[in-house]
Amino acid sequence: MIRTTLATISALLLLALPAQAADDVIAAPTLRASVTVTSDVVRVGDLIDNAGSAALIPIYRSPDLGTTGALPVAQVLSVLRAKQVIGVMTGDIREVQVTRLARTLANKDLENAVASALERRFGLGDAANITVTFDRGVADMRLDASNTGALQPVATRYDARSGRFDIAFEINNDNNPAPTKLRFTGTAIETVEVAVLTRDIDRADLLKSSDVTLERRPKAEVTGEAASRDRTIGMQLRRPMRAGTPIRVADIVKPDFVQRDQNVTIIYQVPGLYLTTRGKAIESGAEGDTVSVLNLQSKRTLTGVVTGRGQITVQGASQSAPMPPAVEQTSSLKRDEAPAPVDTAALVRNLVQAPASPAQIAQAQIPQARISQAPAKSE
């Protein structure tokens, strides 16, 4: 009976041995080929799995923020043995890659943070129009990955005359109750996007696409409304300007369709009549401008509106006067009386020499017949 009991216990022990061995294999410390860390030190638990109570022991200084370093396996095992960590499974790993995570703040992000802190304050406008320059060349900045908070300005100083700023920021830190502090100094200037000449331009030149480029200039340099590039193309300048000069809306005008002393066509136009003659412009003018013009035939100076290239239309009563209604003929004409003929040559001569009056226009276009009252028939 006793022998049977011992045999059973022995059998149970033999069956339990493989399971225990398997547990030992699973729990064995295993080296990692690639490691990422967030703190400034590398611990045993970062390098191996199943480190047990030794996991929190620091053994290396972490690489610089955002960089990766390599550790030879032999060196790692030597350090682990010194910390009483033995039996580490390495497999075919020859070196361990250790990467330190970081939060990167790009230079543009820092400029935007400063511009946002100054936006619509101290007489400045939108952040998008504020150009920031740091005192020292601030490249991309790396912070510990635990700095997950937003850049919060906590102190802002700005001198509107010099454009100097001094701004302090704080960033919340997951691993530390005290926020990370940053401070930046430099200059911040409000700018505007303006069309700028690429070459010297004379007043008579039409602006072409290649003559104009877009640049951001300090707002103080552009007095008045800055002209956009699209608005300047095809226009003329009010005065000659040099290359690199910003263009304002007040600097551009519509192109001259008529130049001073240019031979032009004078148009006399009234309802039902259209006449042209030669003339010489006394003034330059763009489309829609009112200028003086010399009638070369009558030697008279007239005033007209520029309506096209080399074309001036005379304004006045001849265009604005409405046509009088035709005379209602209720009387009969004698059969032997014909309508009075119209002296076309005299009409043209009068119109060319001077704008006609409304009465002349009516008489010219509506021939009047002599009307005699028919005698009443006797009963």
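Look up a bit, the structure's there.
Conventions and cut-offs
Residues numbered from 1 in each chain as written. Predicted model: local features only at pLDDT ≥ 70, side-chain atom pairs only at ≥ 80, totals over all residues. Heavy atoms only, no water. Helix = DSSP H or I, 4+ residues; strand = E, 2+ residues; numbered from the N terminus. Buried < 20%, exposed > 50% of the residue type's maximum accessible area, 1.4 Å probe, protein only. Contact = heavy atoms within 4.5 Å. Areas by Shrake-Rupley, 256 points an atom, 1.4 Å probe, with all protein chains shown as cover. Polar contact = N/O pair within 3.5 Å; in protein donor to acceptor, adjacent residues only side chain to side chain. Phe/Tyr/Trp six-rings, centres within 6.5 Å; stacked < 30°, edge-to-face > 60°. Pairing = 2+ DSSP bridges. Axes fitted to C-alpha atoms, helices over the stretch in contact; angles between N-to-C directions. Arc of directions from axis to C-beta. Salt bridge = Lys/Arg side-chain N within 4 Å of Asp/Glu carboxyl O. Core = buried A, V, L, I, M, F, W, Y, C linked by side-chain atoms within 4.5 Å. Expected span 1.5 Å × (residues − 1).

A. Geometry of the overall build of the protein chain. Broken down by element type, the protein chain carries 8 helices and 23 strands. Across the 379 residues that make up the protein chain, the buried fraction comes to 32%. In the protein chain, the share of contacts with a sequence separation of at least 24, taken over all contacts with a separation of at least 6, comes to 55%. Of the roughly 23300 Å² that the protein chain leaves accessible, carbon and sulfur atoms contribute 52%.

B. The side chain of Asp 251, seen in detail. By secondary structure assignment, the location of Asp 251 is in the loop between β15 (236–237) and β16 (252–253). Side-chain polar atoms of Asp 251 contact the side chain of Arg 248, separated by 2.9 Å. Apart from the residues lying within four places of it in its own chain, the contact partners of Asp 251 are Gln 236, Leu 237, Arg 238, Arg 239, Met 241 and Pro 246.

C. Quick peek at the environment of Gln 75. Mapped onto the fold, Gln 75 is located in helix α3 (residues 73–82). Gln 75 sits in the partly exposed class, given a relative accessible area of 39%.

D. Summary view of the packing of aromatic side chains. Applying the stated rule across the entire model yields 4 aromatic pairs. With centroids separated by 5.5 Å and ring planes inclined at 45°, the aromatic side chains of Phe 122 and Tyr 158 adopt a geometry described as tilted. Of this pair, Phe 122 sits in the loop between α4 (107–118) and β9 (130–134) while Tyr 158 is found in strand β11 (residues 152–159), placing the two residues 36 residues apart along the sequence. An angle of 50° between the planes, with centres 5.4 Å apart, marks the rings of Phe 134 and Phe 184 as tilted. Taken together, the residues span a long stretch of sequence, with Phe 134 in strand β9 and Phe 184 in strand β13 (residues 176–197) at a distance of 50 residues.

E. Geometry of the sheet that holds strand β18 (residues 263–270). The 5 strands are arranged β18-β19-β21-β22-β23 in a closed barrel whose pairing can be described as mixed. Each adjacent strand pair in this sheet contributes to an overall mean axis angle of 55°, direction not counted. Here 5 bridges tie strand β21 (residues 290–295) to strand β22 (residues 301–308), and the two strands are oriented antiparallel to one another. Across the sheet, Ser 292 pairs through a bridge with Thr 303, a residue of β22.

F. Geometry of α3. Where α3 is concerned, the buried positions are Val 73, Val 76 and Leu 80. Relative to the axis of α3, the buried residues are bounded by an arc of 60° and lie together on one face. For α3, the exposed residues set more than 90 degrees away from the buried face come down to Ala 74 and Ala 82. Residues of α3 that are buried in the fold lie against β1 (30–31), α2 (44–47), β4 (48–49), β5 (58–61), β6 (68–72) and β7 (95–100). Two residues or fewer after α3 comes Gln 84, characterised by a positive phi angle close to 65°.

G. Inspection of the pattern of salt bridges at higher detail. Evaluation of the coordinates by the stated rule reveals 19 salt bridges. Here Asp 135 makes a salt bridge to Arg 164, at a shortest N to O gap of 2.7 Å. In this pair, Asp 135 sits in the loop between β9 and β10 (141–144) while Arg 164 sits in strand β12 (residues 164–173), placing the two residues 29 residues apart along the sequence. Since its relative accessible area comes to 36%, Arg 164 is described here as partly exposed. One salt bridge connects Arg 239 with Asp 251, and the closest N-O pair in it is separated by 3.9 Å. Taken together, the positions of Arg 239 in the loop between β15 and β16 and Asp 251 in the loop between β15 and β16 put the pair 12 residues apart, joining distant regions of the chain. Salt bridges here are not isolated pairs; linked through shared partners, they connect Glu 119, Arg 120 and Asp 126.

H. A look at the nonpolar core. Leu 118 and Phe 165 are the most contacted members of the largest nonpolar core, which has 23 residues in total. If you list the elements that add at least two residues to this core, you get α4, β9, β12 and β13. Of the residues forming this core, the biggest block, 6 residues, is contributed by α4. Once residues within four sequence positions are removed from consideration, Phe 165 is found in contact with Val 114, Leu 118, Val 132, Thr 133, Phe 134, Arg 157, Tyr 158, Phe 184, Thr 185, Gly 186, Thr 187 and Ala 188. Counting residues in hydrophobic clusters, the runner-up holds 20 residues, among them Val 44, Ile 59, Leu 80 and Val 85.

I. Region of interest: the sheet that holds β6. Strands sit in the order β2-β7-β6 across an open sheet of 3 strands; the sheet is mixed. Taken across any chain shown, the strands that pair with only one partner, and hence form the sheet edges, are β2 (34–37) and β6. Strand after strand, the sheet turns through a mean of 25° between neighbouring axes, direction not considered. Two elements, β2 and β7, share 4 bridges in a ladder whose sense is parallel.

J. Representation of α4 in the model. Here α4 is 12 residues long and its end C-alpha atoms lie 17 Å apart, about the 16 Å a rise of 1.5 Å per residue gives. For α4, the complete set of buried residues consists of Leu 110, Glu 111, Ala 113, Val 114, Ala 115, Ala 117 and Leu 118. Residues of α4 that are buried in the fold lie against β8 (102–105), β9, β10, β11, β12 and β13. Arg 120 occupies a position one or two residues after α4 and carries a positive phi of about 55°.

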